[in-house]
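Overview (structure and organization)
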Amino acid sequence: MKKDINEKLMHIYRLLYAKNGSRNWWPADTRFEVIIGAILTQFVSWKNVTTAIDNLKNENILSIKGICEADDGRLEELIRSTRFYKQKARRLKEFCFHVKNNYNGDLDFFFSKDMYDLRRELLSLYGIGEETADSIILYAAQKPIFVVDAYTRRIFVRLGFFKEEIKYREMQEFFMENLEHDVQLFNEYHAQIDGVGSHYCYGKKPVCNECPLDNMCLFEKRITKEKRKDC
DNA sequence: GCCCAGGGGGCTC
DNA sequence: GAGCCCCATGGG
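This is a predicted model, so every value here is computed, not measured.

Within chain A, the regular secondary structure consists of 13 helices and zero strands. Along chain A, from the amino end to the carboxyl end, the secondary structure elements read α-α-α-α-α-α-α-α-α-α-α-α-α. Residues classed as buried in chain A amount to 48% of the 231 residues present. Across chain A, the fraction of contacts at a sequence separation of at least 24, relative to all contacts at a separation of at least 6, is 64%. Accessible area of chain A: about 12000 Å², with a carbon and sulfur share of 47%.

Okay, structure coming up:
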């Protein structure tokens, strides 16, 4: 771990934490709900997801058994608010059947695997890509993997750490090479990024004046003078 | 009416 | 592997 990079990353973390406090992520009652939320939130705002999760709760099918036994059309209807609902209904079903058929429906059993074995297995399932897999590993299985997303890219490109075309794994490796592997730190760091991500962009729009990272935009060499005025 | 939002699969070359 | 299209709701 490079000490100077670690200190920069921790400085950013502390600025965000000082402003927002703990964000208590992930917003869910159970780890199964975390998993369902991770799949449903793909390319959609969280508000749309809460509608769907409430529907599943009200219908009393927010469980592996419940999803497995649910009628396909009914399931689609309940999660309609999350966009791409037909695909997502299939994703939920396939995840639940995987755990049911291979782990006797037992998430403890499923999550007892080595972290990277678990990651490979999740990635093999339909509809689970890197971000979704990592969210499940960190927030449901409580194993120390760093979750990156579009907001992480946006902010750290703007701050000058990454080029815009950086790959998911490269971003993830950067954080994991330069931060202590700690579930609580990884949990809160990603949550903090999420909390300010919507205020950031690559330079097209002004950043939020309230954001504690504004004065760090000077790290971003590719932002023009004109755009820098936004900071 | 239009634009955009925290992704992933599948196809092509 | 990169580039492209598909999926198809809800809020501002």
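So, next bit.
Turning our eyes to something else, we now look at unusual backbone geometry. Of the consecutive residues W25 and W26, the connecting peptide bond is found in the cis state with omega at -5°. Locating W26 in the fold gives a position in the loop between α1 (3–20) and α2 (31–40). Positioned with a positive phi, Q142 is a non-glycine residue whose angle comes to about 60°. Within the secondary structure, Q142 sits in the loop between α9 (130–140) and α10 (150–158).

Let us look at helix α3 (residues 46–58). The terminal C-alpha atoms of α3, which comprises 13 residues, lie 18 Å apart, in line with the 18 Å expected from a rise of 1.5 Å per residue. For α3, the set of buried residues is V49, A52, I53 and L56. One face of α3 carries all of its buried residues, which in axial projection span an arc of 100°. Away from its buried face by more than 90 degrees, α3 exposes K47 and N58. Looking at the packing, one finds that the buried side of α3 touches α2 and α5 (72–78). Phi for N60, located one or two positions after α3, is positive at around 60°.

Turning our eyes to something else, we now look at the protein's contact with DNA strand C. The full set of residues close to DNA strand C is N48, R80, S81, R83, F84, Y85, K86, Q87 and K167. A share of 59% is what sugar and phosphate atoms reach among the atoms of DNA strand C within 4 Å of the protein. Sort the elements by how many residues they give to the surface near DNA strand C and helix α6 (residues 85–103) lands first, with three residues. Per-class residue counts for the surface near DNA strand C are two nonpolar, three polar and four charged.

Criteria and cut-off values
Residues numbered from 1 in each chain as written. Chains lettered and ligands numbered in written order. Predicted model: local features only at pLDDT ≥ 70, side-chain atom pairs only at ≥ 80, totals over all residues. Heavy atoms only, no water. Helix = DSSP H or I, 4+ residues; strand = E, 2+ residues; numbered from the N terminus. Buried < 20%, exposed > 50% of the residue type's maximum accessible area, 1.4 Å probe, protein only. Contact = heavy atoms within 4.5 Å. Areas by Shrake-Rupley, 256 points an atom, 1.4 Å probe, with all protein chains shown as cover. Expected span 1.5 Å × (residues − 1). Arc of directions from axis to C-beta. Near = heavy atom within 4 Å. Nonpolar A, V, L, I, M, F, W, Y, C, P; charged D, E, K, R; others polar.

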